[in-house]
Amino acid sequence: MTSASAAPVGPGKTPPVTGDERLVHRSLARRSLARPEFGAIVGALAVFVFFSVVADSFLQTSSMSTVLNASSTIGIMAVPVALLMIGGEFDLSAGVMVTSAALVTSMFSYQMTANVWLGITVSLLVTLALGFFNGFMLTRTGLPSFIITLGTFLMLTGLNLGFTRLISDSVSTKSIADMDGFSSAHDLFASQFEIGSVKIQVTVLWWLGLVTLATWVLLRTRAGNWIFAVGGGADAARAVGVPVARTKIGLYMGVALCAWISGQHLLFNFDVVQSGEGVGNEFLYIIAAVIGGCLMTGGYGSAIGSAVGAFIFGMTSKGIVYAQWNPDWFKFFLGGMLLLATLVNAWVRRRAEASA
Amino acid sequence: MVAPEPPTPPPDSPNPPTADASTTAEGPGGPPLLLMDGIVKTFPGVRALDGVDLEVAAGEVHCLLGQNGAGKSTLIKVLAGAHRPDAGTIHWRGEPVTLASPIAAMRLGIATIYQELDLVDGLSVAENVFLGHEFATVGVLHPGRAQAATAELLARLGHPEISPSRPLGELPAAAKQVVSMARALSHDVRLIVMDEPSAVLDHDEVDNLFRIVSDLTADGVSVVYISHRLEEIRRIGDRVTVLKDGRTAARGLPARTTPTRDVVALMTGRSVEYVFPERPEAQAQPAGEPVLRVEGLAREGEFAPVDLDVHPGEIVGLAGLVGSGRTEILETIYGARRPTAGRVLVDGRPLRPGSVQAAVRAGLGLAPEERKTQGLLMLESVTRNVSLSCLNRFSRAGWLDSRREREAARARTRELSLHPDDPDRPVRTLSGGNQQKAVLARWLLRGCRVLLLDEPTRGVDVGARAELYAVIRRLADEGLAVLLVSSEVPEVLGLADRVLVLREGRTVHQGPATELDEHRVLDLVMEGSPS
């Protein structure tokens, strides 16, 4: 606010050069400091250095690939959850929706003895419908997304178990490994490839692709503008004609789309799905987004930040193993990391604003 | 400022005489740009607009004046398409239109710059300017074109130094307003509504704003300009429409030549004479020690050092417009805000600054302006609302003695003749005046000695006000010290013994109420001392 009197230039007066510079040029350092993901990158470096020191095998390339693979499964979902959070909303049903997507593919294909690709397509439609339902209920009822998606979360948890038990008479689905189309679907969603001697999961590619796409959408498309606007000032957005309801429904369908991708990975990584899986994962996605610099209040954040957040998650979960600590403590470290990252982000933001 | 008695218009007549002037003020070339006729808008419990007329000619600066609550904000929201009127017609360039949504208003060429700037901090300057009508091909933005167009608009507005790519959140308030104006101009705009645009600007920037306004009108764009500052209206305004209590008190007055007193009289003209209780024998210097003493109390950016004493049995009034610091002073005395200088003494003992608890313990009680949200539990009973401040008095070992609670509360509400006399009734169902009595009863029960009243008659029916005034006077007579804040000048003058007049955070006058009249006070609050 310091430039209130210094910057503006009256008409007819020649603008003083110093006043100009204040508003136009900012050093690279200051600009990167103001990026949402800055705090997360600092945090990621700290975690990296920490585990490099305490765990001997952490720096081996094979360990790094394990970390990347673990990060990618969370990261794929953290991307749309971050976008949704920038748009000012939550989705607590994201975790179980992944399982639902996997169950639909598996059970449809098995029951209909159809090509698994048909099951995959049906699953896509069902999952997108779930996302649409979340967004539609939210914009129609005006209830907080916390309540709406908590409801969807519970309903999906029940449906997952109920349908699985009803159809296959057990808590997991039957194997679809010998069905038509399984191997090609496996290749797309759950294969591994080698770079040198390092095995990388295909999910890492999905993850990087989604981060790139989401970053492009946020920064270079009209939809991206709208996402920031509905999260940062829904009334202002509505007043200038931004389709607030459509944007929010779209964001929920984005979560659903990624839940579908994740769900197919879950299924094709093996050939069966446990109906109780996914519960609690929604918080991991939110944690990754928040560590990555998204504000819980909306209007601020980045897709790259969510990727860094997911990477921190991956490093922590695997780093504990490499350090040969008791993994029982993992959640404790994760919680501490979340608090620390949020504090660092808030501090960085204040500094960035103060120096602006 | 020697002028004849102002022409007080017959307040309730639907067609004040001054309104006739407007019918001749239409542009020579056909219908006016905008004609709003008999606009009515009601919200639950409030008739915000009760038949407002507004007529704006092409290329003019039309000023909208009115006290707070007169309906200005509601009217411009109707004009912006944010509220739909319940009744009335709107003609735009001679054609009847409905402003069904903000987009509909924008398509016609109506842009609104609100007082609370509605921009998105997370987007850049250019993204804000073109939000909702982006340069895009199948959804993919052309940031370069948006930035170039924004730079052009900003240059036209005299602010080429604002970078279009800068995140908006980093800009100072004045620059944000320029961005808001650039957004208005990014449309093909015929009418711009500016809601107190000068409020966030300093002196040089106001000049720039006026230059922009005259550039716009030279291009044939009309401006509806809302401001409390009469001198601004004199400088740039062409015509003035005055709103009062949701109605048009006068339309189309010439902005430069209408005497201030006439404008003020139109803004304040009363439909009902208030009945004030008789004052006790006015004393020039009240005897005895003051129970409340305020010494050099100040909050940076809100109000300058203020000194005042309130004696037992005395009512002291603070008069001023919104933004004059009156509520802030009251809340700082009460400890809800921490002062940056000065102190508050009760019975000669200084209070811990910034502590409501200390203030209440010392015997202060506040009846806040926003009674329904800050003062009362609307769903709870009268009894519970009254006993709230001293529940522990009615509890034994953690259990509440409801019977004693009820009786004690009832004794107080009867004392104030709260109606209906039913302690179990939810406060929500009471009228405004009786709700206020419930708040007062609470402080009486608590045994409070200094009452701070912020707009005590806001939302109270005119008929019920006299009764409330009598109650307040009686409480003072019984030895309470009362500090009263009101935007209604007659209320301060009629009720208080002594009056402080505030203008933009400064005390511009202090003295006995009997030495002031309404016009003198309005002169003081609006234009400073006329000397």
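On a predicted model such as this, the values are computed, not experimentally measured, just so you know.

Caption draft 1: Geometry of the pairing of strand 23 (residues 498-503) of chain B. Residue and element names in this part refer to chain B. Counting buried positions over the 6 residues of strand 23 gives 5, a clear majority of the element. Sheet analysis places strand 15 (residues 315-319) next to strand 23, joined by 4 bridges and oriented parallel. If you follow valine 316 over to strand 23, its bridge partner there is arginine 498. Pairing of strand 23 with strand 24 (residues 506-512) involves 6 bridges; the strand directions are antiparallel. Pairing of valine 499 across the sheet is with glycine 511, part of strand 24.

Caption draft 2: Examining the sheet that holds strand 11 (residues 239-244) of chain B more closely. Residues and elements named next belong to chain B. One open sheet holds the 6 strands; their spatial order is 6-9-10-3-11-12, and the pairing between them is mixed. Strands at the two margins of the open sheet, each flanked by one partner only, are strand 6 (110-113) and strand 12 (247-254). Going across the sheet, the axis of each strand differs from the next one's by a mean of 20°, ignoring polarity. The pairing of strand 3 (residues 61-66) with strand 10 (residues 222-226) spans 4 bridges and is parallel. In the strand pairing of strand 10, histidine 62 is matched with valine 224.

Caption draft 3: Summary view of the packing of helix 14 (residues 402-415) of chain B against helix 15 (residues 432-446) of chain B. Residue and element names in this part refer to chain B. Two numbers describe how helix 14 lies on helix 15: the axes approach to 9 Å, and their chain directions differ by 120°. When the interaxial angle is binned, helix 14 and helix 15 end up oblique. Of the two possible hands of crossing, helix 14 and helix 15 adopt the one that is right-handed. Contacts between helix 14 and helix 15 involve Ala408, Arg412, Thr413 and Glu415 from the former and Ala441, Leu444 and Leu445 from the latter. Of the residues assigned to the contact of helix 14 with helix 15, the class counts are 4 nonpolar, 1 polar and 2 charged.

Caption draft 4: Here's a closer look at empty space enclosed by the protein. Residues and elements named next belong to chain B. Evaluated as defined, the whole model comprises 4 cavities of 30 Å³ or more. Volume-wise, the largest cavity comes out at about 80 Å³. Contributing elements (two or more residues each) for the lining of the largest cavity: helix 6 (173-185) and helix 7 (203-218). When the residues that make up the lining of the largest cavity are grouped by side-chain class, the tally is 6 nonpolar, 3 polar and 1 charged.

Caption draft 5: Layout of the environment of valine 344 of chain A. Residue and element names in this part refer to chain A. Mapped onto the secondary structure, valine 344 falls in helix 15 (residues 330-355). For valine 344, a relative accessible area of 31% gives the class partly exposed. For the pair formed by valine 344 and glycine 293, sequence separation is 51 residues and the distance between their alpha carbons is 9.5 Å.

Caption draft 6: Geometry of unusual backbone geometry. Residue and element names in this part refer to chain B. Non-glycine residue arginine 93 carries a positive phi angle of around 50°. Inspection of the secondary structure assignment puts arginine 93 in the loop between strand 4 (87-92) and strand 5 (95-97). With relative accessibility at 47%, the residue arginine 93 sits in the partly exposed group. With phi around 45°, serine 417 is a residue other than glycine that occupies positive phi space. Position of serine 417 among the secondary structure elements: in the loop between helix 14 and helix 15.

Caption draft 7: Spatial organisation of a positive patch on the surface. A surface patch of positive charge is lined by Arg338, Arg352, Arg361, Arg393 and Arg446 of chain B. Structurally, arginine 352 of chain B is set in the loop between strand 17 (349-350) and helix 11 (356-361).

Caption draft 8: Inspection of the confidence of the model for chain B at higher detail. When pLDDT is averaged along chain B, the result is 83, and 88% of the positions lie at 70 or above. Predicted complex metrics record ipTM = 0.79 and pTM = 0.71.

Caption draft 9: Quick peek at the pattern of salt bridges. Residue and element names in this part refer to chain B. Using the criterion set out here, one finds 29 salt bridges over all chains in the structure. Among the ionic pairs, glutamate 170 bridges to arginine 166, the shortest N-O distance being 2.7 Å. A single burial state applies to glutamate 170 and to arginine 166, both of which are buried. Residues joined in a network through salt bridges with shared partners are Asp53, Glu55, Glu60, Arg239 and Arg251.

Caption draft 10: Inspection of the confidence of the model for chain A at higher detail. Per-chain confidence: chain A averages 86 in pLDDT, with 89% of residues scoring 70 or above. For the stretch residues 1-25 of chain A, pLDDT sits under 50, and the model shows 36 contacts to residues farther than four places along the chain or on other chains.

Caption draft 11: Region of interest: the sheet that holds strand 18 (residues 364-367) of chain B. Residue and element names in this part refer to chain B. Taken in spatial order, the 6 strands make up an open sheet running 18-21-22-15-23-24, and their pairing is mixed. Among the strands making up the open sheet, the edge pair consists of strand 18 and strand 24. Each adjacent strand pair in this sheet contributes to an overall mean axis angle of 15°, direction not counted. Together, strand 18 and strand 21 (450-454) form the strand contacts of helix 15, whose direction differs from that of strand 18 by roughly 170°.

Caption draft 12: Broad picture of the UniProt feature "transmembrane region" (unreviewed entry) in chain A. Residues annotated by UniProt as "transmembrane region" (unreviewed entry) correspond here to residues 38-55, 67-85, 116-136, 143-163, 200-219, 284-317 and 329-348 of chain A. End-to-end, the C-alpha atoms of residues 116-136 of chain A are 30 Å apart, and along that stretch the chain is 100% helix and 0% strand.

Caption draft 13: Here's a closer look at the side chain of glutamate 60 of chain B. Residues and elements named next belong to chain B. Considering the arrangement of structural elements, one finds glutamate 60 in the loop between strand 2 (46-56) and strand 3. A distance of 2.9 Å separates a polar atom in the side chain of glutamate 60 from a polar atom in the side chain of histidine 62. In this structure, glutamate 60 is in contact with Glu55, Thr217, Val221, Ser222, Val223, Asp238 and Arg239, ignoring residues within four places of it in sequence.

Caption draft 14: Region of the structure containing helix 5 (residues 94-112) of chain A. Residue and element names in this part refer to chain A. The end-to-end C-alpha separation of helix 5 is 27 Å, in line with the 27 Å expected for 19 residues at 1.5 Å each. Burial of helix 5 is extensive: 14 of the 19 residues sit out of reach of the surface. Threonine 113 sits one or two positions beyond helix 5 and adopts a positive phi of about 40°.

Caption draft 15: Geometry of the pairing of strand 21 of chain B. Residues and elements named next belong to chain B. With 5 of 5 residues buried, strand 21 is to be regarded as a mostly interior element. As judged from the 4 bridges shared by strand 18 and strand 21, these two strands associate in the parallel manner. Its bridge partner lying in strand 21, leucine 366 is registered against leucine 452. Of the pairings in the sheet, the one linking strand 21 to strand 22 (residues 481-486) comprises 5 bridges and is parallel in character. Within the sheet, the bridge partner assigned to valine 450 lies in strand 22 and is alanine 481.

Thresholds, definitions, all that
- Residues numbered from 1 in each chain as written.
- Chains lettered and ligands numbered in written order.
- Predicted model: local features only at pLDDT ≥ 70, side-chain atom pairs only at ≥ 80, totals over all residues.
- Heavy atoms only, no water.
- Buried < 20%, exposed > 50% of the residue type's maximum accessible area, 1.4 Å probe, protein only.
- Helix = DSSP H or I, 4+ residues; strand = E, 2+ residues; numbered from the N terminus.
- Pairing = 2+ DSSP bridges.
- Axes fitted to C-alpha atoms, helices over the stretch in contact; angles between N-to-C directions.
- Parallel < 35°, antiparallel > 145°, perpendicular 65-115°, else oblique.
- Left-handed = near helix turned anticlockwise from the far one by under 90°.
- Contact = heavy atoms within 4.5 Å.
- Nonpolar A, V, L, I, M, F, W, Y, C, P; charged D, E, K, R; others polar.
- 1 Å grid on protein atoms, 1.4 Å probe; cavity = no way out; pocket = protein on both sides within 12 Å on 5 of 7 lines; lining within 4 Å.
- Points joined across faces, edges and corners; volume = space filled by probe spheres on them.
- Patch = residues over 30% accessible without salt bridge, like charges linked within 9 Å, V, L, I, M, F, W, Y side chains within 5 Å.
- Areas by Shrake-Rupley, 256 points an atom, 1.4 Å probe, with all protein chains shown as cover.
- Salt bridge = Lys/Arg side-chain N within 4 Å of Asp/Glu carboxyl O.
- Lys, Arg positive; Asp, Glu negative; His and termini not counted.
- Charge placed at Lys NZ, Arg CZ, Asp CG, Glu CD.
- pLDDT = per-residue confidence, 0-100.
- UniProt positions renumbered as here; feature names shortened; annotations may be inferred.
- Polar contact = N/O pair within 3.5 Å; in protein donor to acceptor, adjacent residues only side chain to side chain.
- Expected span 1.5 Å × (residues − 1).

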